[in-house]
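Read off the chains here:
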Amino acid sequence: MKCIAMPTVVGTMVVVMGVPCTVSAQMLETETARVLDAHVLEMSSGFEFQHSSEGSESAIPFAFEYGLDHNLEFMLEPVAYTAIRPHMGPHATGPGDMEATLTYCFLHETASRPALATAFEVKFPTANNSLIGSGEEDFTGYLIASRKFGRVDTHFNVSYTHVGRTEGVHLNNTLGLALAGVYGVSEKLSLFSEVLGSTAAANENDSSTSTTPEAAGGELVGTLGAAWNIQSAASFYLGVSYDNNNAVLIHPGLTIGVR
């Protein structure tokens, strides 16, 4: 049973055809080229519950984003609590790993091209249980494109992760792809969806990975959800994801922006 994949999307306040859509740091895993404005702080918190035939997992992730300037933002994503409860085997409870991401938008969107950005992410091994974290740093680079089509704001990612390795454990670096869309129904309501996939970090028949059970196999995940703007600087969202391991993940959350 593998760990819940924690969302890593860069959150922004996006305006699509005059309709404000909140894309929070916990709402999607797909990165976006629409960075926060300078000196804007956005805070998100959510609850994640995943269930499959192998058992259940839950987590409480947080995200703190800050616009360093109009083209550059920083995000910190700690996981305060994780619980892994398989039907067979040991259970685990404790904090999860923490991720830090720096995103730079180097081309803004025009009528003829999408907005383009790059991001660099570091996963710090703050988990204290090998069922929850690998105990090693991971490093990920992203190439990100965002483009509006009427009321739909789309985002596409290509990523490459250098996976930290412990002695005697054979893990592969991974390649990821992600595609997401946010549809502004009204000033209060937005609908979102995404599909993301990644290659496997662990070889399925490699016995050496038994010491790092959180090492992910290849994944294909689809998500549908909705977000409601409670007020101009706060929104609530609810997403439901389904992956190639027949696991269902439900993730509600709240995002608050501060200028």
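Residues numbered from 1 in each chain as written. Predicted model: local features only at pLDDT ≥ 70, side-chain atom pairs only at ≥ 80, totals over all residues. Heavy atoms only, no water.

Participant: I'm lost on the overall build of the protein in this one. Help?
Facilitator: A tally of regular secondary structure across the protein gives zero helices and 17 strands. Just so you have it, the protein exposes about 11,800 Å², and 64% of that area is on carbon and sulfur atoms. (Helix = DSSP H or I, 4+ residues; strand = E, 2+ residues; numbered from the N terminus. Areas by Shrake-Rupley, 256 points an atom, 1.4 Å probe, with all protein chains shown as cover.)

Participant: Just checking my understanding: could you explain the pattern of salt bridges for this structure?
Facilitator: Two side chains of opposite charge can pair, provided their charged atoms sit close to one another. Inspection of the entire model under this criterion finds five salt bridges. For Arg147, the salt bridge is made with Glu109, and the minimal N-O distance between the two is 3.3 Å. Taken together, the residues Arg147 in strand E11 (residues 138-149) and Glu109 in the loop between strand E9 (98-107) and strand E10 (115-124) connect sequence positions 38 residues apart. Across the pair Lys123 and Asp138 runs a salt bridge whose closest N-O atoms are separated by 3.3 Å. Taken together, the residues span a long stretch of sequence, with Lys123 in strand E10 and Asp138 in strand E11 at a distance of 15 residues. As far as the burial class goes, Lys123 and Asp138 line up, both buried. Shared partners join several salt bridges into a network, and the residues in it are Arg34, Glu109, Arg147 and Asp153. (Salt bridge = Lys/Arg side-chain N within 4 Å of Asp/Glu carboxyl O. Buried < 20%, exposed > 50% of the residue type's maximum accessible area, 1.4 Å probe, protein only.)

Participant: Would you mind going over the pairing of strand E6 (residues 72-77) with me for this structure?
Facilitator: Side-chain positions along a regular strand alternate between the two faces of the sheet. Only one face of E6 is buried: it carries Glu73, Met75 and Glu77, and the other face, with Leu72, Phe74 and Leu76, is open. Bridge count between strand E5 (residues 55-69) and E6: five bridges; the pairing is antiparallel. Residue pairing across strands places Asp69 opposite Leu72, the latter belonging to E6. Taking the residues between adjacent antiparallel strands as the criterion, E5 and E6 are bridged by two residues. With six bridges joining them, E6 and E9 adopt antiparallel strand pairing. Note on E9: the bridge partner recorded for Leu76 is Ala100. (Pairing = 2+ DSSP bridges.)

Participant: Explanation requested: the packing of aromatic side chains in the structure shown.
Facilitator: The description of an aromatic ring pair rests on the distance of the ring centres and on the angle between the ring planes. All chains considered together, the criterion is met by three aromatic pairs. Their ring planes at 15 degrees and their centres at 6.3 Å tell us that Phe120 and Phe139 sit as a pair that is stacked. Residue Phe120 is found in strand E10, and its partner Phe139 is found in strand E11; the two are separated by 19 residues along the sequence. Taking the centre distance of 5.9 Å and the plane angle of 25 degrees together, the rings of Trp228 and Phe236 count as stacked. We classify Trp228 as partly exposed; its relative accessible area is 38%. Residue class for Phe236 comes out partly exposed when judged on its relative accessible area of 33%. (Phe/Tyr/Trp six-rings, centres within 6.5 Å; stacked < 30°, edge-to-face > 60°.)

Participant: Where do I start with the confidence of the model for the protein in this structure?
Facilitator: Close inspection of predicted coordinates is inappropriate for parts of the model with low pLDDT. A residue-level look at the protein finds 85% of positions with pLDDT of 70 or above and a mean pLDDT of 86. This model gives residues 1-22 a pLDDT under 50, and the stretch forms 120 contacts once residues within four places in sequence are excluded. (pLDDT = per-residue confidence, 0-100. Contact = heavy atoms within 4.5 Å.)

Participant: Looking at this structure, I do not really get the environment of Gly96. What am I missing?
Facilitator: Relative to the helices and strands, Gly96 is located in the loop between strand E8 (92-94) and E9. Exposure remark for Gly96: the relative accessible area of 5% places this residue in the buried category. Those residues in contact with Gly96, other than ones at most four positions away along the chain, are Val79, Thr82, Thr126, Ala127 and Ile132.

Participant: I would appreciate a short explanation of the nonpolar core in the present structure.
Facilitator: What tends to happen in soluble globular proteins is that the nonpolar side chains get buried as a cluster. Counting residues in hydrophobic clusters, the biggest one holds eight residues: Ala33, Val35, Cys105, Ala115, Ala117, Ala119, Tyr142 and Ile144. Looking at this core, the elements that each hand over two or more residues are E10 and E11. Formed by seven residues, the second largest nonpolar core is a distinct cluster that contains Leu28, Val182, Phe192 and Ala227. (Core = buried A, V, L, I, M, F, W, Y, C linked by side-chain atoms within 4.5 Å.)

Participant: Help me understand the environment of Ala38 in this model?
Facilitator: Assignment of secondary structure puts Ala38 in the loop between strand E2 (19-23) and strand E3 (41-46). Along the backbone, Ala38 and His70 are 32 residues apart, and their C-alpha atoms lie at a distance of 5.0 Å. Those residues in contact with Ala38, other than ones at most four positions away along the chain, are Gly67, Asp69 and His70.

Participant: I'm lost on unusual backbone geometry in this one. Help?
Facilitator: Trans peptide bonds make up the majority, and among non-glycine residues the majority have a negative phi. With a phi angle near 65 degrees, His39 is a residue other than glycine that sits in the positive phi range. Within the secondary structure, His39 is located in the loop between E2 and E3. For Asn246, which is not glycine, the phi dihedral falls at a positive 65 degrees. Of note, Asn246 is situated in the loop between strand E16 (234-243) and strand E17 (248-258).

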